Amino acid sequence: MREVKIKIDGREFTATEGMTILEAVRKAGYEVPTLCYHDGLSPHGGCRLCVVEVKGSPRLLTSCTTPVADGMEVFVNTDRVKEARKFVMNLIMTERNHFCMFCEKSGRYEETDCELQKRAYEVQIEHFPFPVYVDKYPVDTSSPVMVTDHNRCILCGRCVRVCSEIVANSTLDFSFRGSKTLIAADTGLNKGESSCISCGACMQVCPAGAIFSKFGGYKGKKSLCEKVETFCPICGVGCETTNYVRYNNIVEIEGAGLAKRTLDGGQLCEKGRYGPIMESRNRISIPLIRDAKGRFVEATYGEAVNKVVQLLKANSPDQIAFRASSFLPAEDLAYIKGFASKLGVEDIDTFDGDVYRNLSSFSGSKATYEDLLNADLILLVGGDIIKEHGVVGSYIRRAVRNKGAELMVISSMESKIERWAKEVKRIAEGSEGSVAVEYKEKISAASNPVIVLEGAGLLRNKEAIEPWLRLAEELSVKVMALAPTGNSLAAWELGVAPVSSNTLGKPKKLLFLFLGDIDSSYAPAEIAEIGYETVVLHSAYIDAMMKLSDVVLPGKSWLENEGTYKLLNGEVRKFTNILNAEDNAKSPREFLSDLANAMGLGTIDVSSLVSKL
Ligand code: SF4
Ligand code: SF4
Ligand code: SF4
Ligand code: FES
């Protein structure tokens, strides 16, 4: 792109041809207020707050939509410009209900969470000079995660654009005309009944109090919160997050740099944005030991460690089994493996070890996210991608919408991805493999086909995925296997999930369960069938498995437990803990290190293992 020379308030700068005035002005270090504009979204030019004077133009121009030209002279802060911006803000503030004192987002200039209010402070609006037009507009509370209050909407269209351009779900649009204009879901449904996937991107970009979280109320302004920048480790996609924390509670989670980043656009899915805030299970807060009458009694941490030492000494290595959640950080997984090795215990696995055991026979190529974006045929087999790996769902929608890819869904369950599908085959869970051969011709005719195998239910089932893997090998089709939890790949590579399951599942006397955050109902039935006599449970949350446990230890939740994750795309990332750990809560590695010390097992070094990931 050619460089052009422009003047801003009399000073000369260079800009790149194709840039808007706003981009050039901001690059030069000047500020121009905006409302409908959002970095990374297409410019809308609707609010006119960003107007500037350009020499030779009789009209003020919207800087967010006007491209720079060589020799252009721009004035960003003249009296005429300031007056025009104040007029624009007055019009916006007097249309619909912007009585800020009744709004959750309202605050002093430094504190407000509302961009609209902030801009109003900046242009020094002290009162409403025009009659306020307060008609009644609907308030839509039907979404499980957010409220849309049309009374506070300024019709900037950011939500419409983010839903279409980044999330690629195209749920929102303007409907009706003039003062009746509303942002509508699927041209007139309540959000909760619409195609909305509750990703919350529209909520994040809304500059007013029109879309807000159902879970943020009375927790405090984001400006009062500590900001923790990290990523979401839930499903292995690893979306970047900004977490707003106050009094060790998460007030809100945002996609970091929403709309600015190229591939995922900084999106989050419902699980990543709202899941940690909606968590309502009770924590295990103190160690418990079952007494001779079978009742739990509270114990000190030291007493619980001593009890576990006794249990370990009373059982030979072949009578002991370890099971761990593959959502734990690699340091924990490696420590569990190292500790078991020191004891000579071979029966160790994760709850989804079968996933990579089943995939290990695949000799074909793995699909990347870019492959998905460029695919002309996508076969989506298995679970609900919107619920399991929501952001990957947006790549599929982009391929369908932007590249005309054909989507074929083969699944036992309904999913909101299906509205983008050319064909949906509803099939009993577990029998997905039986129909693979039916797609052979279709795949052969495609140029860039990709097979996506989604979720735990499918990937743990060898019979269901084998035919797809063999078909992919035969036809040289790339496969994307979306493993169920955040660190399944690390668990596999660290050998916590072993290659051979021969040693697994034999009757054992002592079972160690490291649940972390997961619910034991997620663990395969095999856990309940091992035939153990004694269970040591290490878990963040009160769980049904406690009924069958003999010693219970409070674990850290993933939000409190920093460590390493290997994402589905092979990238290794260090997760920063978002919250401080609850009293008594320890990570598996902290607990096992204390146990190793108490047993005189010496140091267990996991850093070399983790660094090889
Ligand atoms: S939550 Fe996501 S899918 Fe739903 S309307 Fe907003 S941006 Fe679109
Ligand atoms: S709901 Fe928010 S983002 Fe959408 S048009 Fe209204 S003010 Fe803008
Ligand atoms: S797609 Fe996965 S990593 Fe991204 S926000 Fe959702 S759960 Fe978290
Ligand atoms: S920010 Fe430029 S017109 Fe709204």
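Remember, it's a predicted structure, so these values are computed and weren't measured experimentally. (Residues numbered from 1 in each chain as written. Chains lettered and ligands numbered in written order. Predicted model: local features only at pLDDT ≥ 70, side-chain atom pairs only at ≥ 80, totals over all residues. Heavy atoms only, no water.)

**Quick look at the overall build of the chain**
The number of helices and strands found in the chain is 19 helices and 27 strands. At 28 Å, the chain has a C-alpha radius of gyration in line with the 25 Å of a compact globule built from 613 residues. Considering only C-alpha atoms, the chain reaches an extent of 90 × 60 × 50 Å along its principal axes. Residue burial in the chain is summarised as follows: out of 613 residues, 57% are buried. Considering only contacts in the chain between residues 6 or more positions apart, those separated by 24 or more positions represent 69%. (Helix = DSSP H or I, 4+ residues; strand = E, 2+ residues; numbered from the N terminus. Rg over C-alpha atoms; globule rule 2.2 N^0.38 Å. Buried < 20%, exposed > 50% of the residue type's maximum accessible area, 1.4 Å probe, protein only. Contact = heavy atoms within 4.5 Å.)

**Some words on the nonpolar core**
Nonpolar side chains tend toward joint burial in soluble globular proteins. In terms of nonpolar packing, the biggest core is built from 102 residues, with Met89 and Leu407 touching the most fellow members. Top contributing element to this core by residue count: helix α12 (residues 390-403), with six residues. Excluding its chain neighbours within four sequence positions, the residues that come into contact with Met89 are Leu35, Leu49, Leu116, Arg119, Ala120, Val123 and Ile125. Counting residues in each nonpolar core, the second largest holds 42 residues, with Ile289, Phe339, Val496 and Met599 among its members. (Core = buried A, V, L, I, M, F, W, Y, C linked by side-chain atoms within 4.5 Å.)

**A few points about the site of ligand 3**
Contacts to ligand 3 come from Cys232, Ile234, Cys235, Val237, Gly238, Cys239, Leu268, Cys269, Lys271, Gly272, Gly390 and Val391. For the shell around ligand 3, the elements supplying multiple residues, two or more each, are α6 (270-278) and α12. (Near = heavy atom within 4 Å.)

**Some points on the domain arrangement of the chain**
Per the domain assignment, the segments making up the chain are domain 1 (3-77), domain 2 (139-278), domain 3 (288-352 + 490-611) and domain 4 (360-484). Summarising the inter-unit geometry, the C-alpha centres of domain 2 and domain 3 are found 36 Å apart. The interface of domain 2 with domain 3 comprises 17 residues on the first partner and 14 residues on the second. Interface of domain 2 and domain 3: buried area, both sides summed, is about 1300 Å²; carbon and sulfur atoms make up 68% of it. (Domains from an automatic or database assignment. Buried area = accessible area lost by both parts, 1.4 Å probe.)

**What about the site of ligand 1?**
If you check the shell around ligand 1, you find Met146, Cys163, Asn169, Leu172, Lys191, Cys196, Ile197, Ser198, Cys199, Gly200, Ala201 and Cys202 and nothing else. Grouping the constituent residues of the shell around ligand 1 by class yields eight nonpolar, three polar and one charged. (Nonpolar A, V, L, I, M, F, W, Y, C, P; charged D, E, K, R; others polar.)

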